[in-house]
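A look at the structure
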Amino acid sequence: MYYLLLIPVFIIIYIIISFNGFKSRYIKTDESYSGIDVALSKRYNLITNLVETVKGYAKHEKDTLELVTNLRTMNKDNLEEYNETLDKSMNQIIMLVESYPEIKADTNFLHLQKSLNDVEEHLQAARRLHNRNVADYNTYIQMSPRNLIPTIKEAKTKPYFEANKEERDNVQITL
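Residues numbered from 1 in each chain as written. Predicted model: local features only at pLDDT ≥ 70, side-chain atom pairs only at ≥ 80, totals over all residues. Heavy atoms only, no water.

Quick look at a nonpolar patch on the surface
Applicable threshold: Surface patches are drawn from residues lacking salt bridges whose relative accessible area is over 30%; two like charges belong together within 9 Å, two nonpolar side chains (Val, Leu, Ile, Met, Phe, Trp, Tyr) within 5 Å. Accessible areas in this description were obtained via Shrake-Rupley with a 1.4 Å probe; residue shielding takes into account the shown protein chains only. Whenever a carboxyl oxygen of Asp or Glu lies within 4 Å of a side-chain nitrogen of Lys or Arg, that contact is scored as a salt bridge. A run of H or I in DSSP becomes a helix once it reaches four residues, and a run of E becomes a strand once it reaches two; helices and strands are each numbered from the N terminus.
On the surface, a cluster of nonpolar side chains totalling about 1100 Å² of accessible area is made up of Tyr3, Leu4, Leu6, Ile7, Val9, Phe10, Ile11, Ile13, Tyr14, Ile15 and Ile17. On the secondary structure map, Ile13 appears in helix H1 (residues 2-55).

Have a look at this one:
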């Protein structure tokens, strides 16, 4: 007879553990998305420094400089759009550097370029971590019997961070 009283207790404990697991995974996806934002901000700062270095060699390249200036005022709420704009500015800087070979030998430029490579690796790692957390979260909310708990049942899956078309295409570099 007493064992029948244990069933509701186990159900309540299961619901609490499931809800806490749900919240934990939800928070991890938000945290990892924030990591992408941090990496994009660092990338932006490096791009700005690269532009300042390149500006000494190519003052007349107004379009690239205007693009970076516009980045300063851009709303970062949509990270995908922000990421795409940063990619476009990097492509313009690369084309500009190709036009001025003496930039490639500049010590400051070489240091900034190495730093940018490091940031790009960090950004890729942040994206992979975010997508791993999203996969874990999406799997968690869709598994039975957890998906019968009202809060978890109403939860929506989160989208993966995906590369835009330009990032998927091969980069064309002419030397």
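Some details on the pattern of salt bridges
Definition in use: Three labels apply to residues, based on accessible area from a 1.4 Å probe with only protein chains included: buried if under 20% of the type maximum, exposed if over 50%, partly exposed otherwise in between.
Counted by the stated rule, this structure contains 3 salt bridges. Between Lys158 and Asp30 there is a salt bridge, and its shortest N-O distance comes to 2.8 Å. Residue Lys158 is located in the loop between helix H6 (150-153) and helix H7 (165-168), and its partner Asp30 is located in helix H1; the two are separated by 128 residues in the primary sequence. The class for Asp30 is partly exposed, based on a relative accessible area of 40%. With a closest N to O distance of 2.6 Å, Arg43 and Glu120 form a salt bridge. Of this pair, Arg43 sits in helix H1 while Glu120 is found in helix H5 (residues 107-142), placing the two residues 77 residues apart along the sequence.

Concerning the packing of aromatic side chains
Spelled out, the test is: Note on aromatic contacts: the rings of Phe and Tyr and the six-membered ring of Trp form a pair at centre separations within 6.5 Å, being stacked when their planes are under 30 degrees apart, edge-to-face when over 60 apart, and tilted otherwise. In our convention, an over-ring charge means Lys NZ or Arg CZ found within 6 Å of a ring centre and within 35 degrees of that ring's normal.
One pass over the full model with this rule turns up 5 aromatic pairs. With 6.1 Å between their ring centres and 45 degrees between their planes, Phe19 and Phe22 make a pair best called tilted. You can see Phe19 and its partner Phe22 sitting in helix H1, 3 residues apart, about one turn around the helix. A relative accessible area of 30% means that Phe19 is categorised as partly exposed. In this structure an aromatic cluster arises from ring pairing among Phe19, Phe22, Tyr26 and Tyr137. Seen from the ring of Tyr140, Arg146 lies directly overhead, with NZ or CZ sitting 4.0 Å from the centre. Its end group placed over the ring of Tyr137, Lys158 keeps NZ or CZ at 5.7 Å from the ring centre.

Structural notes on the confidence of the model for the protein chain
Keep this limit in mind: Within a predicted model, pLDDT stands for the predictor's per-residue confidence, ranging from 0 to 100.
Averaged over all residues, the pLDDT of the protein chain is 77; the fraction at 70 or higher stands at 69%. Mean pLDDT per element in the protein chain: H7 is the minimum at 57, and H5 is the maximum at 86.

Considering the nonpolar core
Applied cut-off: The term nonpolar core refers to a set of buried residues drawn from Ala, Val, Leu, Ile, Met, Phe, Trp, Tyr and Cys, joined through side-chain atoms within 4.5 Å. Contact definition: two residues touch when any of their heavy atoms are within 4.5 Å.
By size, the foremost hydrophobic cluster in this structure holds 18 residues, and its most contacted members are Ile36, Leu40, Ile47, Leu86, Met90 and Leu116. Looking at this core, the elements that each hand over two or more residues are H1, helix H3 (79-99) and H5. No other element matches H1, which puts 7 residues into this core. If we ignore the near neighbours within four places in the chain, the residues touching Met90 are Ile47, Leu50 and Leu116.

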